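# Observations on chain architecture
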Amino acid sequence: MATARPCLGHLSRTCLQLTRSTPTALPIRLFSTSTANAARGKYTPPIVSKKEKVLPPSTNKYIKKAVVKKKKARTTYKQYDLSKEETFPLLDAMRIIRAWEVGQKPTSVKYELALKLKSQKNGPVVRNRLRLPHPVKTDFRVCVICPPDSAYAEAARAAGAVLVGEDDVFDAVKAGKIEFDRCLCQTDSLAKMNKSGIGRVLGPRGMMPSSKLGTVVVDPVKTMKDMVGATEYRERMGVVRMAIGQLAFTPEEMSSNLKAFIEAVKKDLSRISDKINKELVEVVLSSTNGPGLPLNGAFKGTHTSVTSKELSGP
Amino acid sequence: MVNIAQRMTRLKELLRLKVGGGAAILPPEVTRLHMDFVMTYDDGHKGPRNFWRNDLRRLKFYNPAIPMTVSRTENPDDPALMTIHFASASAAASTPATPSSSPAPTERTEVFTIKSRKRYEILEQLMTLTNAKKIEPTEQELNEIRELSAKREQSAKDSALSQKVNARKKQEKRRMAIARGELTSAS
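Residue indices follow the written sequence of each chain, beginning from 1 at its first position. Chains carry letters from A onward and ligands carry numbers from 1 onward, assigned in written order. Local features in this predicted model are restricted to residues whose pLDDT is 70 or higher, and side-chain atom pairs enter the listing and the counts only when it is 80 or higher, whereas totals over whole chains, interfaces and linings include all residues. Where side-chain values are given, they derive from all heavy atoms of the structure, hydrogens and water being excluded.

### Things to note about the overall build of chain B
- Counting secondary structure elements, chain B contains six helices and six strands.
- The helix count covers DSSP runs of H or I at least four residues long, the strand count covers runs of E at least two residues long, and both are numbered beginning at the N terminus. Going residue by residue from the N terminus, the α and β elements of chain B occur as α-β-β-α-α-β-β-α-β-α-β-α.
- Each residue is assigned to one of three classes by its accessible area relative to the maximum for its type, calculated with a 1.4 Å probe on protein chains only: buried under 20%, partly exposed between the two thresholds, exposed over 50%. Among the 187 residues that make up chain B, the fraction classed as buried is 35%.
- When contacts within chain B are restricted to residue pairs at least 6 apart in sequence, long-range pairs at least 24 apart make up 78% of them. Note on contacts: a residue pair qualifies if any of its non-hydrogen atoms lie within 4.5 Å across the two residues.

Structure (structure tokens):
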């Protein structure tokens, strides 16, 4: 028995050796690839490890660029090259717009002005209220939130406010009855107003009183008087737009309105913090249906053949 | 704001305000033009509307001091009329460019019906009645007009082409979505 054991062990070992000699039929993975490569034949590409597989850097610069370049979100509004822009003196622009708007109602058609700014997408925006020398629209319906039995309420009613009070106003607004264009709040009623939850209704319309906008005041009547003829403007997408006049305005009236508006915006720009640099880039005059004409700041150009008197009629 | 190239192309198109029918200077006797027609253009009111949209703009461009008004009514049975107000020749001579603040008194009016008439027919009658002086376009303006129309033709071709390409892309995308099972072929 003692002699048979090593004999059996030897036998089994030789058998295993036999099977190992045919590597293609082997179910287990080999650590070395050299035998496998040899088995694949002379002309097949060798099997390489992952480390060796790393591609050499591409020599085509265009492909490389496409891979490397990552699109970054732009932080400023796009600026265009304005050197080839065609610009107009005010009289010419008004002549074209008046010709375009011929036959329209002179009271319903408005001149509009767009001021393009060099500005960042985030950060503070230009937002203010301005009283033009020649107001475009004068009839506003004002709502005043103040204690209904106070002296302010009486004065506000006398000054022509449409809606005066506290709870009445809140109920009306919550019911969706907003029959006014502007809303003012007296400082005493501020806490009550903030609790009432009308901000949800008025906020999206931009009518919610806030001290930031100057619509939460001690004396609403004084503000109401200031507000007559005043219009609000704000920067949206790097442009400040506002109605600047009615179609029947004379060039002189338009000119004074334009100057007042542009000066006000420039003042606002200088008031914004020093870190943020905003500039006025372009001034474009347009109208309700008309084309947009970039202005060059002059009242009358060298080729202008119309006089301001000719442009004064309806 | 809109891209500057797009805006400048639009401004080039304003040449149409200078060149075309209605590019004429009215004599100083004409103090006012007035049009009456109906809002809806089914019943012979298309000509007046086209006249207003095209020729009247040009007339106003060349005669900025003359008030030109349009009143459009709702009732389809209303007439379509053109009214021309004239001042006497002597009054017109004293105030050559009539500003609206002190319009020369109207001495007589000419009224003619413009219903069911083409744009150019209305213009022709207006020109003969007022003795307006037509302004011929310069060679340069004609060239620019030609360039503009060539550009418009090219852009129409381009847009048709890109429409085709986009439609094909959309189809391909849809087919892939159906193959992936995100979409059913019916939807």
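### Observations concerning the overall build of chain A
- Looking only at helices and strands, one finds eleven helices and ten strands in chain A.
- Out of the 314 residues belonging to chain A, those deemed buried represent 36%.
- Accessibility throughout is a Shrake-Rupley quantity obtained with a 1.4 Å probe, and a residue counts as covered only by protein chains that appear here. Total accessible area on chain A stands at roughly 20,200 Å², and carbon and sulfur atoms take up 56% of it.

### Focus: the environment of Ala260 of chain A
All names here are of chain A.
- As for its placement among the helices and strands, Ala260 is situated in helix H11 (residues 251-271).
- Taking the C-alpha atoms as reference points, Ala260 and His134, 126 residues apart in sequence, are found 10.0 Å from one another.
- Residue contacts for Ala260: discarding those within four places in its chain leaves Leu130 and Pro133.

### Re the packing of aromatic side chains
- The pairing test for Phe, Tyr and Trp rings, Trp by its six-membered ring, is centres within 6.5 Å, and the orientation test on the planes gives stacked under 30 degrees, edge-to-face over 60, and tilted for anything in between. Scanning all chains against the criterion turns up three aromatic pairs over all chains.
- Pairing Phe61 of chain B with Tyr62 of chain B gives two aromatic rings, centres 5.3 Å apart and planes at 90°, and the pair type is edge-to-face. Each member of the pair Phe61 of chain B and Tyr62 of chain B is classed as buried.
- Whether a charge lies above a ring is judged from NZ of Lys or CZ of Arg, which has to be within 6 Å of the ring centre and within 35 degrees of the ring normal. Across the ring face of Phe61 of chain B, the terminal group of Arg95 of chain A is positioned such that the distance to the ring centre comes to 4.1 Å.
- In this arrangement the basic side chain of Arg53 of chain B is found over the ring face of Trp52 of chain B, its NZ or CZ atom lying 4.3 Å from the centre.

### Here's the deal with the nonpolar core
- Each nonpolar core is a collection of buried residues, namely Ala, Val, Leu, Ile, Met, Phe, Trp, Tyr and Cys, held together in the definition by side-chain atoms within 4.5 Å. Counting 45 residues, the largest nonpolar core has Leu113, Tyr233, Ile244, Phe261 and Leu285 of chain A as its most contacted members.
- Listed by contribution, the elements that provide at least two residues to this core are helix H5 (90-100), strand S1 (110-118), strand S8 (239-246), H11 and strand S9 (279-287) of chain A together with helix H1 (4-12) and helix H3 (55-62) of chain B.
- Excluding residues that lie within four positions of it along the chain, Phe261 of chain A makes contacts with Leu113, Leu115, Leu130, Leu132, Tyr233, Val240, Met242 and Ile244 of chain A.
- One finds Leu26, Ile84, Ile122 and Met127 of chain B within the second-largest nonpolar core, a separate group that totals 25 residues.

### Here's the deal with the interface of chain B and chain A
- Listed per partner, the contact involves 24 residues of chain B and 31 residues of chain A.
- In short, buried area is how much 1.4 Å probe accessible area vanishes from two parts on joining, totalled over both. Buried surface at the junction of chain B and chain A, summed over both partners, amounts to about 2,300 Å²; 67% is from carbon and sulfur atoms.
- Any carboxyl oxygen of Asp or Glu that lies within 4 Å of a side-chain nitrogen of Lys or Arg is treated as forming a salt bridge with it. For the interface between chain B and chain A, the tally reads two salt bridges.
- Notably, a salt bridge pairs Arg7 of chain B with Glu85 of chain A, separated by 3.4 Å at the nearest N-O pair.

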